[in-house]
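Given next are the chains, with one letter for each unit.
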Amino acid sequence: MKNILVFATTNFGKEKEIRTILGKIENFELKFLNQFNEMKIEPPAEEGSSFEENSLIKSRYYSKFFSEHFVASEDSGLMVEFLNGAPGIYSARINSLKTDEEKVELILKMMNGVPINKRDAKFVCVVSLVNPFGEIEVFKGEIFGKISFEARGKNGFGYDPIFIPDGEFRTFAEMSEEEKNSISHRKKALLKLKEHLIWKR
Ligand code: ITT
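Parameters and conventions
- Residues numbered from 1 in each chain as written.
- Predicted model: local features only at pLDDT ≥ 70, side-chain atom pairs only at ≥ 80, totals over all residues.
- Heavy atoms only, no water.
- Near = heavy atom within 4 Å.
- Polar contact = N/O pair within 3.5 Å; in protein donor to acceptor, adjacent residues only side chain to side chain.
- Areas by Shrake-Rupley, 256 points an atom, 1.4 Å probe, with all protein chains shown as cover.
- 1 Å grid on protein atoms, 1.4 Å probe; cavity = no way out; pocket = protein on both sides within 12 Å on 5 of 7 lines; lining within 4 Å.
- Sits in = over half its atoms within 2 Å of the grid points.
- Helix = DSSP H or I, 4+ residues; strand = E, 2+ residues; numbered from the N terminus.
- Nonpolar A, V, L, I, M, F, W, Y, C, P; charged D, E, K, R; others polar.
- Phe/Tyr/Trp six-rings, centres within 6.5 Å; stacked < 30°, edge-to-face > 60°.
- Buried < 20%, exposed > 50% of the residue type's maximum accessible area, 1.4 Å probe, protein only.
- Lys NZ or Arg CZ within 6 Å of the ring centre and 35° of its normal.
- Axes fitted to C-alpha atoms, helices over the stretch in contact; angles between N-to-C directions.
- Parallel < 35°, antiparallel > 145°, perpendicular 65-115°, else oblique.
- Left-handed = near helix turned anticlockwise from the far one by under 90°.
- Contact = heavy atoms within 4.5 Å.
- Points joined across faces, edges and corners; volume = space filled by probe spheres on them.

**Regarding the site of the ligand**
The environment of the ligand is formed by 20 residues, the closest being Thr9, Thr10, Lys58, Asp160 and Lys180. Taking Thr10, its side chain carries an N or O atom lying 2.6 Å from an oxygen atom of the ligand. In the environment of the ligand, an oxygen atom lies 3.0 Å from a nitrogen or oxygen atom belonging to the side chain of Glu46. Against a free-state accessible area of 620 Å², the protein chains account for coverage of 93% of the ligand. According to the grid-proximity analysis, the pocket containing the ligand is the largest pocket. Elements supplying a minimum of two residues to the shell around the ligand: strand S3 (70–80) and helix H5 (185–199). It is S3 that provides the largest number of residues to the shell around the ligand, a total of 4 residues. Here the shell around the ligand is built from residues that sort into 4 nonpolar, 8 polar and 8 charged.

**Digging into the packing of aromatic side chains**
For the structure on display, the rule yields 8 aromatic pairs. Note on Phe28 and Phe70: the rings are 5.0 Å apart at their centroids and 85° apart in plane angle, and the pair reads as edge-to-face. On the criterion of sequence distance, the pair formed by Phe28 in strand S2 (residues 28–32) and Phe70 in strand S3 is long-range, its members being 42 residues apart. For the pair formed by Phe28 and Phe70, the shared burial category is buried. On the basis of an interplanar angle of 65° and a centroid distance of 5.3 Å, the ring pair of Tyr61 and Phe65 is categorised as edge-to-face. For Tyr61, a relative accessible area of 23% gives the class partly exposed. Through a chain of ring-to-ring contacts, the aromatic side chains of Tyr61, Tyr62 and Phe65 assemble into a single cluster. Sitting over the face of the ring of Phe149, Arg119 holds its NZ or CZ atom 4.2 Å from the ring centroid.

**Some remarks on the packing of helix H1 (residues 12–22) against H5**
Where H1 meets H5, the axes come as close as 10 Å, and the angle between the chain directions of the two elements is 50°. In terms of orientation, H1 and H5 fall into the oblique class. As for how H1 packs across H5, the hand of that crossing is right-handed. For the pair formed by H1 and H5, the contact residues are Lys14, Glu17, Ile18, Ile21 and Leu22 on the first element and Arg186, Lys187, Leu190, Leu193 and Lys194 on the second. Residue composition of the contact of H1 with H5, grouped by class: 5 nonpolar, no polar and 5 charged.

**Brief notes about the layout of surface pockets**
Reported here for the largest pocket is a volume of approximately 690 Å³. Lining the largest pocket are 30 residues, and of these Asn11, Lys14, Ser76, Ser91 and Ala92 lie nearest its centre. Among the elements of the structure, H1, helix H2 (51–63), S3, helix H3 (100–110) and H5 are those that each provide at least two residues to the lining of the largest pocket. Sort the elements by how many residues they give to the lining of the largest pocket and S3 lands first, with 4 residues. Of the residues assigned to the lining of the largest pocket, the class counts are 9 nonpolar, 9 polar and 12 charged.

**Comments concerning unusual backbone geometry**
What is expected of a backbone is that most residues other than glycine have negative phi and most peptide bonds are trans. At the junction of Ala86 and Pro87, the peptide bond is cis and its omega measures out at -5° in the coordinates. Relative to the helices and strands, Pro87 is located in the loop between S3 and H3. Here Asn84, not a glycine, exhibits a phi torsion of approximately 55°, which is positive. Relative accessible area serves as the criterion here: at 76%, Asn84 is assigned to the exposed category.

These values are about where atoms sit, not about what they do.
The following block contains the structure:
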């Protein structure tokens, strides 16, 4: 019988990437939270002080609803060096701004006039897994780059239009889904999760 891995995220942009990056995992069936809408699960408050803490808050919380399954969550975000690591763990909700466009505009405004050599940034993704015995594993991925001078591109989600990965001239939002998924912070963390599920089950 196949194990079930419930990937608990409420973010559709993440879900799409996770589905593609994980692909088929031997002996596992991948499900997402929105396949359990009838359970009406409220998301937990993300009150941790690091990506890891928030990731664990989510996976531990959701695993209570799916105790017989494997449950994974991830916490991710953009850290800008010039802004002392902001928006960081507050990437989804800086200044209570709602839309991706508003958040992108705010970062560009805060980086106004900052030269290219001071625009270093990274995306971080911390995936955590709770297995049916309650054991926990954590997997991390990062990608380094720079904040662009203006928003460019339509692909992806979140801060993709202003993040230029090192070695590239295009933003994540100008790259194809496959290109972003082949190098991203999420890809690096999820590959570690996948290897763990295949080898250490
Ligand atoms: P869940 O907690 O339900 O998974 P969320 O959107 O609240 O969804 P986070 O708290 O981890 O998730 O916030 C992550 C935010 O960081 C996300 O909303 C984006 O604004 C940003 N972000 C993360 N990964 C990104 C990526 O690959 N590209 C662009 N922005 C990203």
